[in-house]
Amino acid sequence: MGLVETRLDTLLAHITSAVSTIKSEYAQKGFLVPLLNSTDIHPMDLEDPSLAMADSMKTVDTACQELLATVINPYRHMVDKCLTLRSIPMTYCLPIFHPDNPVVHLLMKVIGHRALCAAIDAKIPSYLQENVENGLDVKTLSAKTGIEHRKLSRLMRYLTTKHFFCEGNDVFANNRYSMLLDVENLPNHIAWGISWCNEEGLAAISKFSETLHDPASSLSYSPWTCAMARAFDIPEGEDLYWMFAKSPGRELVLKRFGKGIMGLSESVGGSYTSAYPWDSLGPDAIMVDVGGGIGQACIKLYCRFPNLRFIIQDLPGIVDKARGHWGSNYPEAIDSGRVSFKALDFFKESPLEATHIYYHRLITHNWGDDECVQIFTNVRKAMRKHSKLLIHDFVLDEGFMQTHEGSSIINPLALNKFGFADDILMMVILNT
Ligand SMILES: C[S@@+](CC[C@H](N)C(=O)[O-])C[C@H]1O[C@@H](n2cnc3c(N)ncnc32)[C@H](O)[C@@H]1O
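Residues numbered from 1 in each chain as written. Predicted model: local features only at pLDDT ≥ 70, side-chain atom pairs only at ≥ 80, totals over all residues. Heavy atoms only, no water.

### Considerations on the UniProt feature "domain: O-methyltransferase dimerisation" (unreviewed entry) in the protein chain
Thought 1: Per the UniProt annotation, the sites labelled "domain: O-methyltransferase dimerisation" (unreviewed entry) are residues 113-179.
Thought 2: Between the end C-alpha atoms of residues 113-179 there is a gap of 17 Å, over a span that is 55% helix and 12% strand. (UniProt positions renumbered as here; feature names shortened; annotations may be inferred. Helix = DSSP H or I, 4+ residues; strand = E, 2+ residues; numbered from the N terminus.)

### Focus: the sheet that holds strand β8 (residues 388-392)
Thought 1: Overall, parallel pairing links the five strands, which are arranged β6-β5-β4-β7-β8 in an open sheet. Edge strands, defined here as strands with exactly one partner in the open sheet, are β6 (339-343) and β8. The sheet shows a mean angle of 20 degrees between the axes of neighbouring strands, taken without regard to direction.
Thought 2: For strand β4 (residues 285-290) and strand β5 (residues 308-314), the ladder comprises six bridges, and the chain directions are parallel. Paired with Val290 across the bridge in β5 is Gln313. (Pairing = 2+ DSSP bridges. Axes fitted to C-alpha atoms, helices over the stretch in contact; angles between N-to-C directions.)

### Concerning the sheet that holds strand β1 (residues 136-137)
Thought 1: In spatial order, the strands read β1-β3-β2; together these three strands make up an open sheet with antiparallel pairing. A strand with exactly one partner marks an edge of an open sheet, and here the two such strands are β1 and β2 (166-168).
Thought 2: Sheet topology note: the β1/strand β3 (residues 171-173) ladder contains two bridges and is antiparallel. From the neighbouring strand, Asp137 faces β3, where its bridge partner is Val171.
Thought 3: Against the sheet, helix α7 (residues 149-161) touches β2 and β3, its axis set at about 50 degrees to β3. (Contact = heavy atoms within 4.5 Å.)

### Let's talk about the environment of His325
Thought 1: When you line up the elements, His325 lands in helix α15 (residues 316-329).
Thought 2: For His325, a relative accessible area of 27% puts it in the partly exposed group.
Thought 3: His325 sits 95 residues away from Arg230 along the chain, and the two C-alpha atoms are 35 Å apart.
Thought 4: Those residues within four positions of His325 in sequence are excluded, and the remaining contacts are Ile294, Ile299 and Tyr330. (Buried < 20%, exposed > 50% of the residue type's maximum accessible area, 1.4 Å probe, protein only.)

### Topic: the packing of aromatic side chains
Thought 1: Inspection of every chain in the model, using the stated rule, returns eleven aromatic pairs.
Thought 2: Note on Tyr302 and Tyr330: the rings are 6.0 Å apart at their centroids and 75 degrees apart in plane angle, and the pair reads as edge-to-face. One end of the pair, Tyr302, is in helix α14 (residues 296-304); the other, Tyr330, is in the loop between α15 and α16 (331-335), and 28 residues separate them in sequence.
Thought 3: Since its relative accessible area comes to 10%, Tyr302 is described here as buried.
Thought 4: These aromatic residues form a ring-pair network of at least three members: Tyr272, Tyr276, Trp278 and Tyr359.
Thought 5: One residue, Arg361, lies across the ring of Tyr272, its end atom 5.6 Å from the ring centre. (Phe/Tyr/Trp six-rings, centres within 6.5 Å; stacked < 30°, edge-to-face > 60°. Lys NZ or Arg CZ within 6 Å of the ring centre and 35° of its normal.)

### A few points about the pattern of salt bridges
Thought 1: Taken as a whole, this structure holds 13 salt bridges when the rule is applied.
Thought 2: One salt bridge in this structure joins Arg323 and Asp320, with 3.2 Å as the shortest N-O distance. Of this pair, Arg323 and Asp320 both sit in helix α15, three residues apart, which is roughly one turn of that helix.
Thought 3: Members of the salt-bridge network, linked through shared partners, are Lys207, Glu210, Asp214 and Arg230. (Salt bridge = Lys/Arg side-chain N within 4 Å of Asp/Glu carboxyl O.)

### Concerning the domain arrangement of the protein chain
Thought 1: What the domain assignment reports for the protein chain is domain 1 (3-84), domain 2 (124-181), domain 3 (190-267) and domain 4 (278-392).
Thought 2: Taking the mean C-alpha position of each, domain 2 and domain 4 sit 41 Å from one another. (Domains from an automatic or database assignment.)

### Things to note about the site of the ligand
Thought 1: Around the ligand there are 14 residues in total, and Gly291, Asp314, Asp345, Phe346 and Arg361 lie nearest to it.
Thought 2: The separation between a nitrogen atom of the ligand and a polar side-chain atom of Asp345 is 2.9 Å.
Thought 3: For the ligand, whose unbound accessible area comes to 590 Å², protein coverage reaches 85%.
Thought 4: Broken down by class, the residue content of the shell around the ligand amounts to seven nonpolar, four polar and three charged. (Near = heavy atom within 4 Å. Polar contact = N/O pair within 3.5 Å; in protein donor to acceptor, adjacent residues only side chain to side chain. Areas by Shrake-Rupley, 256 points an atom, 1.4 Å probe, with all protein chains shown as cover. Nonpolar A, V, L, I, M, F, W, Y, C, P; charged D, E, K, R; others polar.)

### Thoughts on the UniProt feature "domain: O-methyltransferase C-terminal" (unreviewed entry) in the protein chain
Thought 1: On the UniProt side, "domain: O-methyltransferase C-terminal" (unreviewed entry) is annotated at positions that read residues 285-402 here.
Thought 2: As annotated, residues 285-402 comprises 36% helix and 26% strand, and the C-alpha atoms at either end are separated by 41 Å.

### Observations concerning the pairing of strand β7 (residues 357-361)
Thought 1: Counting buried positions along β7 gives five out of five residues, so the element sits mostly inside the fold.
Thought 2: Of the two faces of β7, the one carrying Ile357, Tyr359 and Arg361 and the one carrying Tyr358 and His360 are both buried.
Thought 3: Where β4 and β7 come together, three bridges link them in parallel fashion. Counterpart to Met287 in the pairing with β7 is Ile357.
Thought 4: Looking at chain direction, β7 and β8 are connected through five bridges and run parallel. Note on β8: the bridge partner recorded for Ile357 is Lys388.
Thought 5: Considered for its hand, the β-α-β crossover made up of β7, helix α17 (residues 369-382) and β8 is right-handed. (Right-handed = clockwise from strand over helix to strand, strands pointing away.)

Have a look at this one:
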């Protein structure tokens, strides 16, 4: 048997084994794997996956991608990759609910991405939720959205072929994926993340090639020479937030970015509730969520581990938002003292001293090495012997393994493809 044949067998074995793990994880909890056209949020969608489940989802994704790339006619595959929205879920370590499964990997799939955004902008998933059982005929949907019905029908059919929405005779209904894009009613913000990627993200990446070649930017790691700065004429000395804060007519961008980042951050959260022995920390263990945003990462830990207390530290305005968010959704956490908030500029000062855990989720991925050293130097000053530093971020090295012949191949059991996409995204929007 040739090398490729052996590799195909290996990939198939990985897929078979991973799917079997996924089926048994559902079965153990008394469930079947949900149907695509289901519009119920499955109880397991809301949970952090177990490590086995997370690894298996990632394996199916990565191994399927390699399988497709190997067996499909390369011309067809390239067209598909470049022009269409792929329906293969991106499952690195995520609950299926975090709807980046079919979504985050769409960044470069221009037609599909734009088509999906057109549907989100028109609030189609929200309208379809109004008649979740039977869906809506295209003329009714047209009246609600203001999109001409034949164009709308073509848009919806296309998205149906990509497994967003279901269709029968020009009647469209939500499915397991599209219902998660209901921006009107769902707290999850992934739809905003998609829109941000589609609008600002896509505009920025369209300048990527230019920045790599233009002598004014090719050797530079300054944020003001990145593709995002070029696309939006961000003046030197200003940062990404300039686009939101000072540029006229950018309120929508601010909303998209703010909510979108939350949706994307949450989606990479993965199985962190089981990846660390949180309950072994003992009673009243204190965790500082450094750069914790609104404290999203703490929410699941708060609900699951009564032994933990949390201090959310971030820039002053963000910490105020965090306090407001917890005050509205988990007031008892504040009243009982299990959650508190304190402003911090992690470049200029240390987080609170002597706590048990210093947790950093998605804090390092958008800074260069020097800035990361500065952040952790400040954390180190606060740490005591019993303190632990936890970094929850993308690790790229594990995605490859050495063959016996000494070459490097993708390890479908460990590749975090979103990490590699994020690496490029950071270069495009920040030049880090
Ligand atoms: C990608 S977000 C991650 C948020 C959160 N850890 C999560 O996973 O949901 C990065 C966070 O770093 C915070 N941040 C940026 N610069 C900071 C600084 N100088 N001091 C403290 N926090 C900062 C941002 O406000 C933002 O909340």
